[in-house]
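The lines below spell out each chain.
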Amino acid sequence: DTMIVLVVFALVVFLIGAVVAARRVAKVPTVRLVSTKQPPELSIGTGLTWHLFLSHIWSTGQDAVGNIKSELQLLLPDIKIFLDVDDLKDIGALEDYIQRSQVILFFLSRGYFRSQNCLREIRSSLEQSKPIVLVQEADPDKGGGTLQALRDECPEDLQPAIFDEDWPLTI
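Conventions we followed
- Residues numbered from 1 in each chain as written.
- Predicted model: local features only at pLDDT ≥ 70, side-chain atom pairs only at ≥ 80, totals over all residues.
- Heavy atoms only, no water.
- Helix = DSSP H or I, 4+ residues; strand = E, 2+ residues; numbered from the N terminus.
- Contact = heavy atoms within 4.5 Å.
- Polar contact = N/O pair within 3.5 Å; in protein donor to acceptor, adjacent residues only side chain to side chain.
- Expected span 1.5 Å × (residues − 1).
- Buried < 20%, exposed > 50% of the residue type's maximum accessible area, 1.4 Å probe, protein only.
- Pairing = 2+ DSSP bridges.
- Right-handed = clockwise from strand over helix to strand, strands pointing away.
- Core = buried A, V, L, I, M, F, W, Y, C linked by side-chain atoms within 4.5 Å.

Chemist: Looking at this model, I keep getting lost on the environment of Glu153. Mind explaining?
Modeler: Within the secondary structure, Glu153 is located in helix α6 (residues 147–153). Taking C-alpha positions, Glu153 is 8.1 Å from Tyr112, a pair spaced 41 residues apart along the chain. Among all residues touching Glu153, those that are not within four sequence positions of it are Ser109, Arg110, Gly111, Tyr112, Phe113 and Arg114. Side-chain polar atoms of Glu153 contact the side chain of Arg114, separated by 3.3 Å.

Chemist: Explain helix α2 (residues 58–75) here, please?
Modeler: Residues that lie three or four places apart on an α-helix share one face, since the helix turns once every 3.6 residues. A rise of 1.5 Å per residue sets the reference length of α2, with its 18 residues, at 26 Å; its end C-alpha atoms lie 24 Å apart and thus fit the reference within 8%. Taken residue by residue, α2 has Thr60, Gly61, Gln62, Ala64, Val65, Ile68, Lys69, Glu71, Leu72 and Leu75 as its buried positions.

Chemist: Just to check I follow, could you spell out the pairing of strand β1 (residues 50–55) for this structure?
Modeler: Regular strands place side chains that alternate from one sheet face to the opposite one. Where burial is concerned, most of β1 is hidden: six out of the six residues are buried. Pairing between β1 and strand β3 (residues 101–108): five bridges, direction parallel. Looking at the pairing, Ser55 lines up with Phe106 of β3. Direction of pairing for β1 relative to strand β2 (residues 81–82): parallel, over a ladder of two bridges. The partner of Phe53 across the bridge, within β2, is Phe82. As a crossover connection, the stretch from β1 through α2 into β2 is right-handed.

Chemist: In this structure, what is going on with the nonpolar core? I would like to understand it.
Modeler: What tends to happen in soluble globular proteins is that the nonpolar side chains get buried as a cluster. Counting 23 residues, the largest nonpolar core has Tyr97, Phe106, Leu108, Tyr112, Phe113, Ile122 and Ile162 as the members making the most contacts within it. For this core, the elements supplying multiple residues, two or more each, are β1, α4 (94–99), β3, α5 (116–127), β4 (132–136) and α7 (159–163). Setting aside chain neighbours within four positions, we find Phe106 in contact with Ser55, Tyr112, Ile122, Ser125, Ile132, Val133, Leu134, Val135 and Ile162. In terms of nonpolar packing, the next biggest core, distinct from the first, is built from 21 residues, Ile68, Leu72, Leu83 and Leu105 among them.

This is how it looks when you write it as structure tokens:
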């Protein structure tokens, strides 16, 4: 299970970079393995439903995470991604959705750390030792800010676990 999580984690980091690159070309390529020229077979841990959970604040992150999900699904058609507008049935079950996800993506934008639901998702992810990927919105016109400004919004007790670990970060 640890190996599966690490492989999926590395794949998600690669894919986020690929999403950015894919926007620059007219045709979105499908990810294929060099050895087989076939799309990778994505495995998911026992008892898990989603490969990736997209944690974001609606006001400054909804459009961007929607794009991330769409682009990843074009690149990896079999990937299962939790996005609230598609999958949320019960706001009281956020911790369960986190538990049923293999990797958690925190979309860092203005107001993210002031959202009680985002904080629930963060704390649950950390308590469950889920692999985390950080994506920073840097464009102020889209609710972004510098990494330091976003860190300043983060509760002090969470800052080391989020910002001082070696989580992959994509801007």
